[in-house]
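Structural overview for review
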Protein chains: 2
Amino acid sequence: MLQLQKGVQLLMDNKQIPDIVVGRLPLYLRTLQKMARETIQVTSSLELGERLGISAAQIRKDLSQFGEFGKQGTGYNIPFLIERIREILHIDRVWDVAVVGAGDVGRALARYQGFADRGFRVVMIFDNNPDVIGTLVADFTVQNTAGLVEAIQNAGIKVAMVSVPADQAQSVTDQLISAGVKAILNYAPISLSVPEGVWVQYIDPAVHLQRMAFYLA
Amino acid sequence: MLQLQKGVQLLMDNKQIPDIVVGRLPLYLRTLQKMARETIQVTSSLELGERLGISAAQIRKDLSQFGEFGKQGTGYNIPFLIERIREILHIDRVWDVAVVGAGDVGRALARYQGFADRGFRVVMIFDNNPDVIGTLVADFTVQNTAGLVEAIQNAGIKVAMVSVPADQAQSVTDQLISAGVKAILNYAPISLSVPEGVWVQYIDPAVHLQRMAFYLA
DNA sequence: GAAGCATTGTGAAATGTACCACAAAATCTT
DNA sequence: AAGATTTTGTGGTACATTTCACAATGCTTC
Ligand SMILES: NC(=O)c1ccc[n+]([C@@H]2O[C@H](COP(=O)([O-])OP(=O)(O)OC[C@H]3O[C@@H](n4cnc5c(N)ncnc54)[C@H](O)[C@@H]3O)[C@@H](O)[C@H]2O)c1
Ligand SMILES: NC(=O)c1ccc[n+]([C@@H]2O[C@H](COP(=O)([O-])OP(=O)(O)OC[C@H]3O[C@@H](n4cnc5c(N)ncnc54)[C@H](O)[C@@H]3O)[C@@H](O)[C@H]2O)c1
């Protein structure tokens, strides 16, 4: 039986971690959590890599950036590795998230139950349409965007998802940033301009489809 | 006034194009189309790069993989470049797309008007829940998944979006592949296993949020 | 407890990607 | 029409990422 490692320290404060490595950690975590639900206790870089379509060497090298989490001859203790990755990604806590735009996408996000065990919780949703403001989405009353900056500032929210039309996305983003938001997941099909110290990620299904179309005859 | 280049040929049949370059073309295209809507006729790698947060050299190098689309001293004719990128990505046509899973995400995708001018068109939507089958989503009647393989095969559909729960996604994927689908956009938070010659892209907002959380204090 | 097997962590090598810098070419200015 | 200005396309270089390959280590079996 694999013992829980003691006194393991996360490195990473010295080194500069490549962004591409950071980007793979959530994928490792997602698969490890699935294995944990299958009550698998231990895995190897080889097995994990097969599930992910990533080489075993890649996984070992990536994890070695942050510490020594495995055991030679045995592999990785899954619950232990899950906790280490959660620490590294700062999701060994729950981040409150605001959603702006209570249309099809915003409502789907507000109702989605899948964020809970992955470090995030939607806590408010905004819209600027009088017909939508005041209606219920999941457990939330849709709030007026007019009060967005104050509400987000007061709640200390650092993470937001933007699901407004493209021509509104930059303006909404500017408001979010002035309210102290540091991480924005943008569903609008437009590149946002943000100051240093604010992170943006994009979700645009057409971009993914177009990318795949290149490889279609 | 910039003349429309004549006799320009796409290269690319010889060379192996890096996937990372292919992945940037949809972003270039999205921004070029926005500029076109602003009735801008001509741009430079510098201006395009500023809008995208990408270096001018990168853009020039990427485009040069496929041909010579610009004019020294002037830059790129936007409508011309848009057409070239649409050709390269094989979206100088419309791809019919099937959606599987008529829940919040699937319905949002079926109702979304933003695919039309980007090379894709949702033409059918499936579910396996008797309460959902037969209901209307946008203009579509939700079809029973039991008939999925036959319907997709008959329609010759090559592209699908999967928005079923994670534990159903691999099974749905296998059916899609047996029906001849070659490109799958998967919204379920799970890595899919597919044979050679089938492409998968993933959309998982939690992955993006987790990635950004790394950079939050 | 020794032999055999599995698997990590990691330098070194190989491969891939981004950036620099400049000649060439087109346009603009006077 | 000559010189100044702009901007492309690209060879070369610097930097980044992935893969290789193996010593070290721990587990399993006899
Ligand atoms: N529906 C999809 O499947 C899908 C797919 C890809 C991308 N998108 C993008 O996601 C975004 C939202 O899509 P949707 O389908 O939910 O659109 P939608 O029209 O259903 O919803 C947009 C909502 O934003 C609100 N809004 C507009 N301006 C606002 C502002 N300034 N402040 C606050 N709220 C504002 C509107 O009142 C509306 O309720 C769009 O940018 C769209 O292009 C949607
Ligand atoms: N809602 C969101 O914002 C969101 C965000 C991220 C990821 N996702 C993921 O997207 C997927 C869909 O999410 P959702 O919120 O729309 O869920 P949902 O429960 O609203 O919809 C899922 C639909 O799939 C149908 N379904 C189940 N098994 C099926 C099968 N074998 N064949 C055909 N249809 C089947 C169900 O009947 C249901 O209608 C899930 O995997 C979810 O984790 C959703």
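Please read these numbers as outputs of a predicted model, since none were measured by experiment.

With that out of the way, let us pick up the site of ligand 2. What surrounds ligand 2 is a group of 23 residues, the closest being Tyr112(A), Val105(B), Asp127(B), Val164(B) and Gln168(B). The site occupied by ligand 2 is bordered by residues of chains A and B. Here Val105(B) contributes a backbone N or O atom positioned 2.9 Å from an oxygen atom of ligand 2. The separation between an oxygen atom of ligand 2 and a polar side-chain atom of Asp127(B) is 2.5 Å. Counting residues per element, the ones that place at least two in the shell around ligand 2 are α5 (104–111) of chain A together with α5 (104–111) and α7 (166–178) of chain B. With 3 residues, the top contributor of residues to the shell around ligand 2 is α7(B). Of the residues belonging to the shell around ligand 2, the class tally is 14 nonpolar, 7 polar and 2 charged.

Residues and elements named next belong to chain A. The strand order β1-β3-β2 describes an open sheet built from 3 strands, whose pairing is antiparallel. Unpaired on one side and paired on the other, β1 (42–43) and β2 (70–71) mark the two borders of the sheet. Note: β1 against strand β3 (residues 75–77), 2 bridges, orientation antiparallel. Following the sheet pairing, Val42 is matched in β3 by Asn77. Across the sheet, helix α4 (residues 78–88) is in contact with β1 and β3; its angle to β3 comes to roughly 75°.

Moving on: the domain arrangement of chain A. Structurally, chain A comprises domain 1 (2–88) and domain 2 (95–208). Here the C-alpha centre of domain 2 of chain A lies 31 Å away from the C-alpha centre of domain 1 of chain A.

With that settled, consider the protein's contact with DNA strand C. If you check the shell around DNA strand C, you find 25 residues, and the closest are Ser45(A), Arg60(A), Gln72(A), Tyr76(A) and Gln72(B). Looking at DNA strand C alone, sugar and phosphate atoms form 59% of those within 4 Å of the protein. Separating a base oxygen of DNA strand C from a side-chain N or O atom of Gln72(A) is a distance of 2.8 Å. Contact distances for DNA strand C include 3.2 Å between a base nitrogen and a side-chain N or O atom of Arg60(B). Mapped by element, the contributors of at least two residues to the surface near DNA strand C are α3 (56–64), β2 and β3 of chain A together with α1 (19–37) and α3 (56–64) of chain B. Residue contributions to the surface near DNA strand C peak at 4 residues, all from α3(B).

Rules behind the numbers
Residues numbered from 1 in each chain as written. Chains lettered and ligands numbered in written order. Predicted model: local features only at pLDDT ≥ 70, side-chain atom pairs only at ≥ 80, totals over all residues. Heavy atoms only, no water. Near = heavy atom within 4 Å. Polar contact = N/O pair within 3.5 Å; in protein donor to acceptor, adjacent residues only side chain to side chain. Helix = DSSP H or I, 4+ residues; strand = E, 2+ residues; numbered from the N terminus. Nonpolar A, V, L, I, M, F, W, Y, C, P; charged D, E, K, R; others polar. Pairing = 2+ DSSP bridges. Contact = heavy atoms within 4.5 Å. Axes fitted to C-alpha atoms, helices over the stretch in contact; angles between N-to-C directions. Domains from an automatic or database assignment.

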